[in-house]
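Residue-level structure breakdown
Residue-level listing of the chains:
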Amino acid sequence: MHLPYRPALAAAPLLALIIFTLPSAVGAEPVRIGVYHNPPKIQLSESGEPSGIFGDLARALADENGWTLEPVECAWRECLVMLEAGELDLMPDVAFTESRAERFAFHREPVLHSWSQLYHRPELSIEGVLDLEGLRIAVLADSMQQRSLSRMLTSFGVDAELVALPSFQESFASVQQGATDAVVSNHLFGGWQAPRYGLTASPIMFEPSRLFFAAPPGRPAARLERIDAQLLRWKRQPGSPYHQALESWRSGEGRRPVPRWLRWALIGSIGLMALAMLGNLTLRRRLRDHLAAIRQVREDNRRLTLYDSLTGLPNRRHLMEQLHRRLDTPHAAHSYTALLLIDLDRFKRVNDTHSHREGDELLFQLSEQFEAVLGHTTTFLAHLGADEFAVLVDDLGERADQAAQRVERLGDRLLSAVVAAQTPEVADLGITGSIGVSLFDGEAPTPDTALQQADMAVSQAKAAGGNRLRFFDDAVQAAVNRQVRLEADLRRALQRDELRLFYQVQVDESGEVSGREALLRWEHPVQGMISPMDFIPLAEETGLIVPIGRWVVATACRRLAAWASDPALADQAISVNVSPVQFSEEDFVAELREILDATGAPPRRLVLEVTESLLMQNPECVSRRLSELRDLGVRLALDDFGTGYSSLNYLKRLSLHELKIDASFVAGIPDDPADMAIVDTTLTLANRLGLEVTAEGVETAEQHRWLQARGCRRFQGYLFGRPEPLA
C-alpha cells in the first residue's frame, strides 16, 4: 500500500534543490564591480567582499535589487581602463569631471563629497602653499590630485618635486620612511591613515569633488536610476544602510576595538593633560594665528604682485622675472628659447556688443584653453593685461630652423584655441589671434628687447590680416628704429625753428595771383628737406600735428597781417590745410579766434582746407564746427574733392565756400574720359551750389585751356609756380 508514494518521496530532494538554487540561476543579476584599496571608502574584506563606505552601500544595493556582486580587484588606473572597456559593470568612488562624463556614465545623486588634503611629517611647519618650496610630495600617479597640485604650484611659482606612486598606501609609507616629505590624498583616506603613519594634516586643501558609482558608456540607464532612487530614499531615512555605512566607517569600524578600561584611562589622561596645558595652548594658538596671518599677508602680496587677478596666470612682472632667469642660466647658451606674444584681433567687439563680463569670461576661457594646449613643463604662460597673453618656450633645440618649425606648430594650436574658447554668443564676432615671436639663443637680447621684438612681430601679423604668426625681422626693427629717431627729431623741430612754410601761387582766370597755399616743410639739420609724406603721417599718429598745425596757422596769419598794409598783396588769401586731428580738438575754434585777434589778420583772407574723410567722422559735429568757423569770417574749402566718401547730402548742408579738384583727376585731362567727366560734373555741381572751384595740379597749357572752357576760374599747379619760400 505504500508503493504509490515512492516516486514522490524520491523527487522531494531534487525539488528542494531546484527551489533552493532558483534565485541564483534565474532571478539574480551578476554585477562586476571594481575594487581598489582606498579605505575607508572602498577596499576588499578578508572574505573577498567589497568593504568600506562604497563597499557596504554596494552590498546593500545588491540586496535591494537582486544583484550578485562579482568583485574584481584592480589598481585605480587599471579599474578605469577596465570600466571604459566594458569589463566592469560598476566602479565605486569615481569623482565627476566633464572629461570623465564623456568616457563613463554617472548617476545624479552624489554618494559622498570629498576634497584633497596634504599631510606631512610633524617636524615640518606647513601653513600655506609657499611653505612647499623645495619639498618632495607623494601623489597618486595619473590622478586628478596630481594634476591639480601641479597647476597650483605653478600658479604660485613654487618649485616642489611631485613623486608619483601607484597607491595611497605606498605614498603614505614613503613619507614615513623619509623618501618624501609630504603626501596628498582624499581627506577620508588621510583622516583614516595619517595617525597610523604618524603624519599631521596641513591646512592645504583643494579640489573639492563629488563621488559616484560610474558605469561603462552606452549601457542601459536603469541600474544607475535605481541607485539614484535608493540613495535619495536612504539619505532621508535615519538608520538606513547609507547612514549606517557612514557612521560605521567614520567611527572606525574594521579596526581592533579598544578595551573599555583603556578608553576611560585615555579619556582621563587627556582631561588631565588638557587642564595642565590649557594656558600654554592658548598662548601657542595666539602665536600660531599671528604667524599664519603674517604668512598669509606675504602670500597675498606675492600673488597680487606676480599674478593676474582675472585669469590667475602670471602677470607681466612675473614674465620678465622668468625671462631674466632663463637668459642668466647656462643652458640658454646652446638651446633656443622663444617668446610668443598673443594679441586678440577685434576683441573690443565683445565689450561693445555684449558686455565687459562676457569679455572677462572669454579671457578666462582662453587662459584655460592655452593651458590645455601647452600642458608641459618647458613653457610659461602669462596674461599681460587686456587681451594680450605671452608664452615662453624653452629647449627648442640648437638649430634655428627646427626651433622655428616647433614654434609654428605650437602657434597653430594656440590660434585654434582662440576659436575653440569662444562661446556661441561671441563666435560670430570674428575674433582671432595674432602671434609675434622673438626667437633667441645664447646671443639673446635683454628681456625688454625680446618683448619689444615680439611686439613688433605682432604688429606685422595684424598688418597681414591677423589670425597668423610672424617672427621678428631685423629689417622691420631697423625701419621702426628710423621712425623712432624721426619722431624724436620731429618733437624738437619746433623748438629748433626747423619748420618752414613754402607757398604755391593760385591764379584767377586772367592769370593774376589771387592767393597762395601754405605748404609745410621740414628742414632737418642732418637729412636736409624731409618730404611731408614722411613726417605728416607721423605727426598725426603721435598728436604732434596739433602744436605744429597751430604754428602753421599762426605763421600764415602773421603773414596776412603784414600783407594787409601792402596794396599789392592786401587782396591775396592764404590757404592752410587743417588735419582732422587738429580740427577735432575741443578748443580749435577758440584758439583760432585768439590767433586772429593777436595777429590782426583779416579773417576773410584766411582759407582753411579740410578733407572729405573728416566729414565722415561725425557729420553733425563737423557741420556745427564749420558754422562756428564761418561765423569767425574765415573761408572754408573742401580739399581733394572726389577722393573721399562724402555724399552730396553732406555737401549741401555744410558751410563751405570753395571746392578744390584733386590733382589726380586733372592729370587725366585731356586723355582720360572718366577724369574729364568727373571734373566737368564737379564744375557744374559747384556752380549750381554757388561754390568757387580751384583746380589743383595744373601742369600744362592744354589742361589750363580745357578747364577754362568748362568754367573753372581758379588754378594751382606747376604751370604757374612751384612751392617756394616767399623770399
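Right, let's walk through the structure included here. Since the structure is predicted, the reported quantities are computational estimates derived from the model, not experimental observations. (Residues numbered from 1 in each chain as written. Predicted model: local features only at pLDDT ≥ 70, side-chain atom pairs only at ≥ 80, totals over all residues. Heavy atoms only, no water.)

Before going further, it helps to spend a moment on the overall build of the protein. Along its length, the protein carries 26 helices and 25 strands. When each of the 727 residues of the protein is scored for burial, the buried share is 46%. Restricting the contact set of the protein to residue pairs at least 6 apart, pairs at least 24 apart contribute 70%. Carbon and sulfur atoms make up 53% of the accessible area of the protein, which totals about 37700 Å². (Helix = DSSP H or I, 4+ residues; strand = E, 2+ residues; numbered from the N terminus. Buried < 20%, exposed > 50% of the residue type's maximum accessible area, 1.4 Å probe, protein only. Contact = heavy atoms within 4.5 Å. Areas by Shrake-Rupley, 256 points an atom, 1.4 Å probe, with all protein chains shown as cover.)

Read from one edge of the open sheet, 5 strands run β13-β14-β12-β15-β16, paired in mixed fashion. Two strands close off the open sheet at either side, each with one partner strand: β13 (379-385) and β16 (468-471). With direction set aside, neighbouring strand axes in the sheet form an average angle of 20 degrees. Where strand β12 (residues 337-345) lies against strand β14 (residues 388-393), 6 bridges are found, and the strand directions are antiparallel. Looking across to β14, one finds that D343 is bridged to E388. In the packing of helix α11 (residues 316-328) onto the sheet, the strands contacted are β12, β13, β14 and β15 (432-440), and the crossing angle to β13 comes to about 145 degrees. (Pairing = 2+ DSSP bridges. Axes fitted to C-alpha atoms, helices over the stretch in contact; angles between N-to-C directions.)

This part takes up a negative patch on the surface. Taken together, the side chains of E585, E586, D587, E594 and D597 present a region of like negative charge at the surface. Position of D587 among the secondary structure elements: in the loop between α19 (580-583) and α20 (588-599). The class of D587 is partly exposed, set by a relative accessible area of 34%. (Patch = residues over 30% accessible without salt bridge, like charges linked within 9 Å, V, L, I, M, F, W, Y side chains within 5 Å. Salt bridge = Lys/Arg side-chain N within 4 Å of Asp/Glu carboxyl O. Lys, Arg positive; Asp, Glu negative; His and termini not counted. Charge placed at Lys NZ, Arg CZ, Asp CG, Glu CD.)

Two elements in contact, helix α18 (residues 545-563) and α20, have axes separated by 9 Å at closest approach and are oriented at 30 degrees. Classed by the angle they form, the pair α18 and α20 counts as roughly parallel. Read as a crossing pair, α18 and α20 show a hand that is right-handed. Within the contact between the two elements, α18 uses R550, V553, A554, C557, R558 and A561 and α20 uses E591, L592, I595, L596 and T599. Grouping the constituent residues of the contact of α18 with α20 by class yields 7 nonpolar, 1 polar and 3 charged. (Parallel < 35°, antiparallel > 145°, perpendicular 65-115°, else oblique. Left-handed = near helix turned anticlockwise from the far one by under 90°. Nonpolar A, V, L, I, M, F, W, Y, C, P; charged D, E, K, R; others polar.)

Turning next to the state of the cysteines. Formally, a disulfide is one covalent bond, and it connects the sulfur atom of one cysteine to the sulfur atom of another. Applying the stated rule across the entire model yields 1 disulfide. The disulfide bridge from C74 ends at C79, spanning 1.8 Å between sulfur atoms. Its S-S torsion of about 100 degrees marks the bond between C74 and C79 as right-handed, since a negative value means left-handed. The exposure class of C79 is buried, given its relative accessible area of 0%. (Disulfide = S-S within 2.5 Å.)

Close approach of charged atoms allows side chains with opposite charge to pair. With the rule as written, the count across this model stands at 27 salt bridges. A single network of salt bridges, built from pairs that share partners, joins R121, E123, R136 and D181.

This brings us to the pairing of strand β7 (residues 112-120). Among the 9 residues that make up β7, 7 are buried, leaving the element largely enclosed by the rest of the structure. With 7 bridges joining them, β7 and strand β11 (residues 200-215) adopt antiparallel strand pairing. Residue S116 lies in a different strand from β11, and its bridge partner there is F206. Taken together, the 5 bridges between β7 and strand β10 (residues 182-186) define a ladder with antiparallel strand orientation. What sits directly across from L118, in β10, is V184.

Before going further, it helps to spend a moment on the packing of aromatic side chains. Summed over all chains, the structure comprises 13 aromatic pairs. A centroid spacing of 5.2 Å and a plane angle of 75 degrees characterise the contact between F54 and F213, whose relative ring orientation is edge-to-face. In this pair, F54 sits in helix α2 (residues 52-65) while F213 sits in strand β11, placing the two residues 159 residues apart along the sequence. Like F54, the residue F213 is buried in the burial classification. Ring centres 5.8 Å apart and planes at 45 degrees place the aromatic pair F583 and F588 in the tilted group. For the residue pair F583 and F588, the accessibility class agrees, reading buried in each case. Just above the ring of F583 sits the side chain of R625; from NZ or CZ to the centre is 5.9 Å. (Phe/Tyr/Trp six-rings, centres within 6.5 Å; stacked < 30°, edge-to-face > 60°. Lys NZ or Arg CZ within 6 Å of the ring centre and 35° of its normal.)

One finds L608, L629 and L707 to be the most contacted residues of the largest nonpolar core, which totals 66 residues. Of all the elements, α18 adds the most residues to this core, at 10 residues. Excluding its chain neighbours within four sequence positions, the residues that come into contact with L608 are V576, V578, F588, L592, L629, V634, R635, L636 and A637. If you look at the next biggest cluster of nonpolar residues, it comprises 58 residues, including F168, A173, L188 and L199. (Core = buried A, V, L, I, M, F, W, Y, C linked by side-chain atoms within 4.5 Å.)

With that settled, the discussion passes to the side chain of K660. Along the chain, K660 falls in strand β23 (residues 658-661). Owing to a relative accessible area of 0%, K660 belongs among the buried residues under this scheme. Sequence-distant contacts of K660, defined by excluding residues within four places in its chain, comprise Q506, E517, E609, L638, D639, D640, F641, T694, E696 and Q716.

End to end, helix α22 (residues 619-632) covers 20 Å across 14 residues, agreeing with the expected 20 Å (1.5 Å per residue, within 8%). Taken together, the buried positions of α22 are V622, S623, R625, L626, L629 and L632. Looking straight down α22, one finds its buried side chains confined to an arc of 170 degrees; they lie on one side. (Expected span 1.5 Å × (residues − 1). Arc of directions from axis to C-beta.)

Before going further, it helps to examine the side chain of Q322. The topology assignment puts Q322 in helix α11. When its relative accessible area of 9% is taken as the criterion, Q322 is described as buried.

One can describe the packing of helix α13 (residues 356-374) onto helix α14 (residues 400-420) by two numbers: an axis separation of 9 Å at closest approach and a directional angle of 150 degrees. As for the relative orientation of α13 and α14, their crossing is right-handed in sense. Residues L366, Q369, F370, V373 and L374 of α13 form the contact with α14, whose participating residues are L410, R413, L414, A417, V418 and A420. For the contact of α13 with α14, the class distribution of residues is 9 nonpolar, 1 polar and 1 charged.

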